[in-house]
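# Overview (structure and organization)
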Amino acid sequence: KGACAPLLRLVERKLRAWDHQLKHLSRASQVTRRTTNPLPTKVRSMIVQAFAKIEEKELLCYLPCLIGCLQNASASTNSPLADFLISRASNDRYEKEVHFRTYLYWALLNGSSSRGSGSLSSQRFCNLCQALLGKLNEKLAKKNECALKQLQRGYNLVTSMSMTPVDLEGTALSDYIRLQV
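All of these numbers come straight from a predicted model, not from anything done at the bench.

Counting its secondary structure elements, the protein contains nine helices and zero strands. Listing every helix and strand of the protein by position from the N terminus yields α-α-α-α-α-α-α-α-α. A burial count over the protein gives 28% of its 181 residues as buried. Long-range contacts, defined here as pairs at least 24 residues apart, represent 57% of the contacts in the protein between residues at least 6 apart. About 11,900 Å² of surface is accessible on the protein, with carbon and sulfur atoms providing 56% of the total.

This next bit is on the side chain of Ser79. With respect to the helices, strands and loops of the structure, Ser79 is situated in the loop between α4 (56-72) and α5 (80-90). Its relative accessible area of 15% is what places Ser79 among the buried residues. In terms of polar contacts, Ser79 uses its side chain to reach the backbone amide nitrogen of Ala82, at 3.1 Å.

For the coordinates displayed, the defined rule picks out three salt bridges. Note that Lys142 and Glu138 form a salt bridge whose closest N and O atoms lie 4.0 Å from each other. Highlighted residues: Lys142 and Glu138, both in helix α7 (residues 120-143), separated by four residues, approximately one helical turn. Judged by its relative accessible area of 68%, Lys142 falls in the exposed class.

For any two aromatic rings, the description comes down to two numbers: the centre-to-centre distance and the angle of the planes. Counting across every chain of the model gives three aromatic pairs. Relative to Tyr62, the ring of Phe51 lies with its centre 5.4 Å away and its plane at 75°, an arrangement referred to as edge-to-face. With Phe51 in helix α3 (residues 41-52) and Tyr62 in helix α4, this pair connects stretches of sequence that are 11 residues apart. Given the relative accessible area of 33%, Tyr62 is considered partly exposed.

Here we take up a nonpolar patch on the surface. A cluster of nonpolar residues, Trp106, Tyr155 and Val158, forms a patch on the protein surface that exposes about 260 Å² of accessible area. Mapped onto the elements, Trp106 comes out in helix α6 (residues 98-113).

Moving on, we come to the confidence of the model for the protein. Averaged over every residue, the pLDDT of the protein is 76; the share at 70 or more is 72%. Contacts for the low-pLDDT stretch residues 25-35, under 50 throughout, to residues beyond four places or in other chains number 13 contacts.

Moving on: α3. Between its terminal C-alpha atoms α3 stretches 16 Å, which fits the 16 Å expected from 12 residues at 1.5 Å a residue. For α3, the complete set of buried residues consists of Val43, Val48 and Phe51. Considered in projection along α3, the buried side chains sweep an arc of 140° and stay on one side of the axis. When the buried face of α3 is taken as reference, the exposed residues oriented beyond 90 degrees from it are Lys42 and Gln49.

Another point: the packing of α5 against α7. In contact at an axis separation of 9 Å, α5 and α7 are set at 35° when each is read in the N-to-C sense. For the pair α5 and α7, the sense of crossing is right-handed. Between α5 and α7, the residues in contact are Ala82, Asp83, Ile86, Ala89 and Ser90 and Leu132, Lys135, Leu136, Lys139, Leu140 and Lys143, respectively. When grouped by side-chain class, the residues that make up the contact of α5 with α7 number six nonpolar, one polar and four charged.

The biggest cluster of nonpolar side chains holds 30 residues, and the ones touching the most others in it are Ile67, Leu70, Leu85, Phe100, Leu104 and Leu108. Those elements that place two or more of their residues in this core are α3, α4, α5, α6, α7 and α8 (145-162). Ranked by the residues each element gives to this core, the list is headed by α7, at seven residues. Leave out the neighbours within four places in its chain, and Leu108 touches Ile67, Ile86, Cys129, Leu132 and Leu133.

Procedures and definitions
- Residues numbered from 1 in each chain as written.
- Predicted model: local features only at pLDDT ≥ 70, side-chain atom pairs only at ≥ 80, totals over all residues.
- Heavy atoms only, no water.
- Helix = DSSP H or I, 4+ residues; strand = E, 2+ residues; numbered from the N terminus.
- Buried < 20%, exposed > 50% of the residue type's maximum accessible area, 1.4 Å probe, protein only.
- Contact = heavy atoms within 4.5 Å.
- Areas by Shrake-Rupley, 256 points an atom, 1.4 Å probe, with all protein chains shown as cover.
- Polar contact = N/O pair within 3.5 Å; in protein donor to acceptor, adjacent residues only side chain to side chain.
- Salt bridge = Lys/Arg side-chain N within 4 Å of Asp/Glu carboxyl O.
- Phe/Tyr/Trp six-rings, centres within 6.5 Å; stacked < 30°, edge-to-face > 60°.
- Patch = residues over 30% accessible without salt bridge, like charges linked within 9 Å, V, L, I, M, F, W, Y side chains within 5 Å.
- pLDDT = per-residue confidence, 0-100.
- Expected span 1.5 Å × (residues − 1).
- Arc of directions from axis to C-beta.
- Axes fitted to C-alpha atoms, helices over the stretch in contact; angles between N-to-C directions.
- Left-handed = near helix turned anticlockwise from the far one by under 90°.
- Nonpolar A, V, L, I, M, F, W, Y, C, P; charged D, E, K, R; others polar.
- Core = buried A, V, L, I, M, F, W, Y, C linked by side-chain atoms within 4.5 Å.

What follows is the structure in structure tokens.
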């Protein structure tokens with residue numbers, strides 16, 4: 001706690017300054033300025049390192065916020081946060097963290113398929129999610145093909161369930177689903 005105190009003070013000071021700066025901008029310029037993170041890259045890396053020490057169960061609680069941070073970051077697949085998320089989901093060391101990998105996969109899939117309001121930032125986030133999803137698929141194909149197949153099978157199952165004809169019942173429904181998956 002004592003070693004982190006200077007870092008926490010720096011983060012708080014930067015965020016207060018950023019908030020103060022945003023209050024004095026015109027409404028039009030706030031939109032473009034909000035995408036800039038006020039924290040230096042080194043500080044962001046240190047924050048990500050703190051997340052690296054967290055167990056899967058707790059990390060899942062933060063995942064929506066972490067994905068939100070990606071949305072507000074620059075559209076780079078090489079940010080410390082993006083690298084951490086992809087590495088954690090594809091690393092053999094965390095093989096038992098099926099939930100994290102699955103939740104991240106679906107969050108990126110959702111982000112890559114929705115264009116949102118059509119704004120430039122929504123399109124950038126969509127493109128970033130597509131790129132990160134491709135990066136995750138590529139890493140899993142190299143390191144853990146079984147995990148990739150499980151994710152793709154889940155996706156195929158959900159897709160087929162959402163497109164299943166409503167008039168099928170009983171064995172006809174079972175046969176249809178088996179053919180789709």
